[in-house]
Amino acid sequence: MLVLLGLLFVVAVANGESVHRLNFNLEEALHNGKPLDRFWTSTGLCPPAPRERAAEFLLSEDSLRNLEIIGALPNRGIKHVRIHWLLEMMRFSHYDDKKTIFYDFSKLDAFLDKLNEFGLYPAIELMGVPQGIYERESKRRFGYFWADLTMQLAARYLHRYGMNYVLDWRFETWNEPDLRGYNVLNFTTEEYISYVQSTRLGLDAAGRLFNNQLHIPLRGPAGLFKAKLHHPFCWGILELCNERPRKCPFEVLSFHRKGSGARADEILDGGLQLMDQIWERFPNLSGFKVSNDEADPIAGWSTPREFQSNVKYGAMLVSTVLQHWSAKFQGRFVNLESISHDNAFLSYHPFEFNQRTLLARFEMNETHPREVQFVAKPVYSALGMLASLGPLATDATFEKDNLSYVISYDLEPFYASILLTQSNDTFEPLKKRTALSLNITLPTLSSSSRIAYVVEGLQAGLNDPSGVWNYYGRPPYPTREQFAEMRSAQFSSVIVGPGALESGVKMVSIVLSLRIPWIVNVRFCSEKTEPIGIVNVRIRKVNSKEVVIFWNDAVKQISSRCILTYEVWHRNNETEWEQINKDNHTPFMFYQFVAAETGTTGGHYRVRSVDLFGRDGAFSKTHYYDG
C-alpha cells in the first residue's frame, strides 16, 4: 500500500499537481480544542427599490421559496437573516384619543410567521418607517415615536412567539446611516443619536412589559466607518459610548468590512484594522463584542462575477470562516461575536448564477401560470459542510498553495470533522489538481464502539451546476432535462465511503485526487449516536408535475451531523411506496420531485434519514398532497 501511495505521488509531481501529505492525530486534537461558536450562520438581503414595496417583494412566492431553501440547510447552517427596510412592511392604523399610535402589523406578521416555519430567525433592523406614518409625526414627537414603535414591535412578537424564540432574534439600528442612499429621513447627528437612544428605551420597555427582568440586546451602528467627516453618525455614537460605556445602547458593535474581490484574507484584515482604530480612539469599548454584518468578498451583490457562480465562491466563504476562527482562537479577534454574508438575494436574468446569491433563480415567465425554479450553487453546499462542524475545534492550519483546514469534534458520543479547502481565491488556480494524502490517527476513546466515516467534497467542474448551464448556452428557460442535469451537480458528492471501522482500528489512510478549487469534509461518527427522526414535512407546488418537499429533523445537532442522506418516499392512491430520490444524494432537508410524464405529484409523502452506518431513522408522519 505504501509503495502504491508513493508511486501515485511521484506521478502527481510529474504532472505538476499540488501535492500534500497531511497527518492528523485526533487523540492530540481532542486536547487542543476550544469551544467553536457558530459565528458564521447569518445571511442578509435588501428588498429592491422602491422600499415602500418591501412587503410585496418579501411575501412573494420567489422570495419565500428562496428563504425556505436557505432554511433547509442542516444543523441551522443558516440561522439568522438580516433584512433591510422591514419596518416598511408595517402600516399606520389609527390614533386613539390620547394620540397613541396603532399599527397594522398583518404583513410583517405573515412574513415572520414564515421565517418561523422555515426554522430561521430574523435580524430586525429598526430601519424604515411604517407606511403612512412619518408625515403625521412632528419633530417634537421624534424620540417618543421611535421608542414607542420599537416597544410595540418587540412586545408584540414576544407575546406572539415567546421569549425563547425572540431572544434569539437580532435587533439592530439603522443600516449604514451615514450613507445618503439609506438616510432617507435626513437624520442630523443629534437626531440620529436620539433615534438610537430611543430604540434602546423601546426595547427596555418591551422587556419590562413581558418580564420585569428581561433584557433585549441591541446591535449597532452597522456602519462602514470611513472618514469621520463623511461618517459622523457611527463615529459619533461610539464617542458617546466611550464617554459613558455603561450607558451605551449597544451590546454588540456592528460594522461592515468587505474585500476588494481579490483574496479572502482581505475581509479579516479589514476588520482587524478597523478594530485597532476603534480600540485606540475609544479604549473604554475594548470589552464590547463586535460583528462584521457584511463580510463578503466584494461589494455590489448584483454585479455579475464569474467566481460567484462556482466553487471559487464557496471555497472563499469557507476560507473566510477558517481565518476568522483562527483569529478568535489565537486571541487576535477575541471580541468577534459573528460575521454575516450578504448573499440571500434573488438573482435575475441574464445573471442567474453570477450574482452574489446562494441560489440561482430562473423565472419561467412563459409558462402558464408563471413558475420559479431554483438551483443551489456550490456556496450553498459549502455552508452545509460548515454546518457539520463540531462544538469544539482546534486552531485552523494554513498550508502552502492556499490549502487550509480545521479539526472539530465532540467527545461523547465521539464525533469528528476534518474540513479542508484549497483555492486561489477569485483567480484561476496555478495548478489544476491536488494529490492529497490524509493519514488520520483515531483517538483511544473511540475504541469502545465502532466508528463510521465518509469523505464528501465539492470540486471545480464536478459540483458546478453553472458549468452545465454554460454548456447549454445559458438558456433563460432550461428544459426539464437541463434542470435535472444542473441539480445532479448542485450538492457535494460522496468521494469515499461511507464505511464502518471495527473497534480497535487506529489509523485511516485516504488518498484523493481533487480538482482545484475544492472543499472536502471527512466525518467520523460513533455507533453510539442514534439514528434520528423527521418532523414537519411540507410540500410546495412548482407546477403540475413538480413539487419541492421540505422537512425538519427532530433532534440535537450531534445526531444530525451523522446523517449521510435523506430518503423521500411517495405513493399515490393506486401505487405502493416508492423512494423517489433513490438515485440522488440528498444531504440537505429538501428535494425537488419531478413526476414522470404519465405520473402525478399527488398522494402521500414521508421522509427518513440514513446515517453513516446505513441505519434508517424513523419515518416522518405521512403528509398528503392533493396535487
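Since we're looking at a predicted model, the values are computed, not measured. (Residues numbered from 1 in each chain as written. Predicted model: local features only at pLDDT ≥ 70, side-chain atom pairs only at ≥ 80, totals over all residues. Heavy atoms only, no water.)

## Comments concerning the overall build of the protein chain
- The helix and strand inventory of the protein chain stands at 15 helices and 30 strands.
- Taken along the three principal axes of its C-alpha coordinates, the protein chain extends 80 × 65 × 50 Å.
- Taken over 627 residues, the protein chain has a buried fraction of 61%.
- The contacts in the protein chain between residues at least 6 apart in sequence include a share of 76% that link residues at least 24 apart.
- For the protein chain, the accessible surface area stands at approximately 24900 Å², while carbon and sulfur atoms represent 51% of it.
- Counting 67 positive and 70 negative side-chain charges, the protein chain places the centres of these two groups 2 Å from one another. (Helix = DSSP H or I, 4+ residues; strand = E, 2+ residues; numbered from the N terminus. Buried < 20%, exposed > 50% of the residue type's maximum accessible area, 1.4 Å probe, protein only. Contact = heavy atoms within 4.5 Å. Areas by Shrake-Rupley, 256 points an atom, 1.4 Å probe, with all protein chains shown as cover. Lys, Arg positive; Asp, Glu negative; His and termini not counted. Charge placed at Lys NZ, Arg CZ, Asp CG, Glu CD.)

## What to know about the state of the cysteines
- Applying the stated criterion across every chain, the model contains two disulfides.
- The disulfide that involves Cys241 links it to Cys248, with 2.2 Å between the sulfurs. Handedness here is read from the sign of the S-S torsion; for Cys241 and Cys248, about 70 degrees, the answer is right-handed. Here the two residues Cys241 and Cys248 agree in accessibility, since each one is buried.
- Here Cys525 is linked by a disulfide to Cys562, with a sulfur-sulfur distance of 2.1 Å. Linking Cys525 and Cys562, the disulfide has an S-S dihedral of approximately -100 degrees and is accordingly described as left-handed. Here Cys525 is found in strand E23 (residues 518-526), whereas its partner Cys562 is found in the loop between helix H15 (557-560) and strand E26 (563-571), with 37 residues between them in sequence.
- Residue Cys525 is classed as buried on the basis of its relative accessible area of 1%.
- The exposure class of Cys562 is buried, given its relative accessible area of 4%.
- Considering cysteine sulfurs only, Cys234 is the nearest to Cys46, which forms no disulfide, with 17 Å between them. (Disulfide = S-S within 2.5 Å.)

## A word on the packing of helix H5 (residues 106-117) against helix H6 (residues 142-161)
- As a packed pair, H5 and H6 sit with axes 12 Å apart at the nearest point and diverge in direction by 45 degrees. In terms of their interaxial angle, H5 and H6 are classed as oblique. Seen from above, H5 lies across H6 with right-handed handedness. Residues Leu108, Asp109, Leu112, Asp113 and Asn116 of H5 touch H6, and the partners they reach there are Leu153, Arg156, Tyr157, Arg160 and Tyr161.
- For the contact of H5 with H6, the class distribution of residues is five nonpolar, one polar and four charged. (Axes fitted to C-alpha atoms, helices over the stretch in contact; angles between N-to-C directions. Parallel < 35°, antiparallel > 145°, perpendicular 65-115°, else oblique. Left-handed = near helix turned anticlockwise from the far one by under 90°. Nonpolar A, V, L, I, M, F, W, Y, C, P; charged D, E, K, R; others polar.)

## A closer look at the sheet that holds strand E22 (residues 507-515)
- Read from one edge to the other, the open sheet built from three strands follows the order E1-E19-E22, with strand pairing classed as mixed. At either end of the open sheet lies a strand with only one pairing partner, and these are strand E1 (18-25) and E22. Here the average twist between neighbouring strands, direction ignored, is 15 degrees.
- Of the pairings in the sheet, the one linking strand E19 (residues 433-441) to E22 comprises nine bridges and is antiparallel in character. Bridging from a neighbouring strand, Leu436 pairs with Leu512 of E22. (Pairing = 2+ DSSP bridges.)

## Concerning empty space enclosed by the protein
- Under the definition given, this model contains six cavities of 30 Å³ or more.
- Residue lining of the largest cavity: 17 residues in total, with Pro74, Gly384, Arg523, Pro587 and Phe588 positioned closest to the centre.
- Looking at the lining of the largest cavity, the elements with two or more residues in it are helix H12 (378-386), E23 and E26.
- Residue contributions to the lining of the largest cavity peak at three residues, all from E26.
- Looking at the lining of the largest cavity, its residues break down into eight nonpolar, six polar and three charged.
- Ile69, Leu359, Phe374, Val375, Ala376, Arg487, Gln490, Phe590 and Gln592 together form the lining of the second largest cavity.
- For the lining of the second largest cavity, the secondary structure elements donating two or more residues are strand E14 (371-376) and strand E28 (590-594).
- Element by element, the count of residues in the lining of the second largest cavity is highest for E14, at three residues.
- The class makeup of the residues in the lining of the second largest cavity is six nonpolar, two polar and one charged. (1 Å grid on protein atoms, 1.4 Å probe; cavity = no way out; pocket = protein on both sides within 12 Å on 5 of 7 lines; lining within 4 Å. Points joined across faces, edges and corners; volume = space filled by probe spheres on them.)

## Here we look at H12
- Of all the nine residues making up H12, nine are buried; the element is thus mostly covered by neighbouring parts of the structure.
- Every buried residue belonging to H12 is among Pro378, Val379, Tyr380, Ser381, Ala382, Leu383, Gly384, Met385 and Leu386, and all of these are buried.

## Quick notes on the nonpolar core
- Ranked by internal contacts, the top residues of the largest apolar core, which has 151 residues, are Tyr380 and Ile549.
- Leu26, Tyr453, Ile510 and Val520 belong to the second largest nonpolar core, which has 30 residues in total. (Core = buried A, V, L, I, M, F, W, Y, C linked by side-chain atoms within 4.5 Å.)

## Comments concerning the pattern of salt bridges
- For the structure on display, the rule yields 41 salt bridges.
- We note a salt bridge from Glu56 to Arg53, for which the minimum N-O separation is 2.7 Å.
- For Glu68, the salt bridge identified is with Arg540, shortest N-O distance 2.9 Å. Residue Glu68 is found in helix H4 (residues 61-70), and its partner Arg540 is found in strand E24 (residues 534-543); the two are separated by 472 residues along the sequence.
- A residue is classified by how much of its surface remains accessible, and Glu68, at 2% relative accessible area, is buried.
- According to the relative accessible area criterion, Arg540 is buried, its value standing at 18%. (Salt bridge = Lys/Arg side-chain N within 4 Å of Asp/Glu carboxyl O.)

## Comments concerning the packing of helix H9 (residues 232-243) against helix H10 (residues 265-281)
- In contact at an axis separation of 10 Å, H9 and H10 are set at 45 degrees when each is read in the N-to-C sense. Relative to H10, the element H9 is oriented oblique. Considering only the axes of H9 and H10, their crossing is right-handed. Touching Trp235, Leu238 and Asn242 of H9 are Leu274, Gln277, Ile278 and Arg281, all from H10.
- Each residue belonging to the contact of H9 with H10 can be placed in one class, and the counts come to four nonpolar, two polar and one charged.

## What about the layout of surface pockets?
- In this structure, the largest pocket spans a volume of roughly 760 Å³.
- Every residue lining the largest pocket is counted, 36 residues in all, and those nearest its centre are Asn584, Tyr591, Gln592, Phe593 and Val594.
- Listing elements by their share of the lining of the largest pocket, those giving two or more residues are E14, helix H14 (480-487), E26 and E28.
- With five residues, the top contributor of residues to the lining of the largest pocket is E28.
- Here the residues of the lining of the largest pocket are counted per class, giving 11 nonpolar, 17 polar and eight charged.
- Taken as a whole, the second largest pocket holds about 500 Å³ of empty space.
- Considering the residues around the second largest pocket, the lining is formed by 27 residues, among which His80, Asp168, Arg170, Arg219 and Glu337 are closest to the centre.
- Elements represented by at least two residues in the lining of the second largest pocket include exactly strand E8 (170-172) and strand E12 (336-339).
- In terms of residue count, the dominant contributor to the lining of the second largest pocket is E12 (three residues).
- Across the lining of the second largest pocket, the residue classes break down as 10 nonpolar, six polar and 11 charged.

All quantities given are derived from atomic positions and should not be read as evidence of function.
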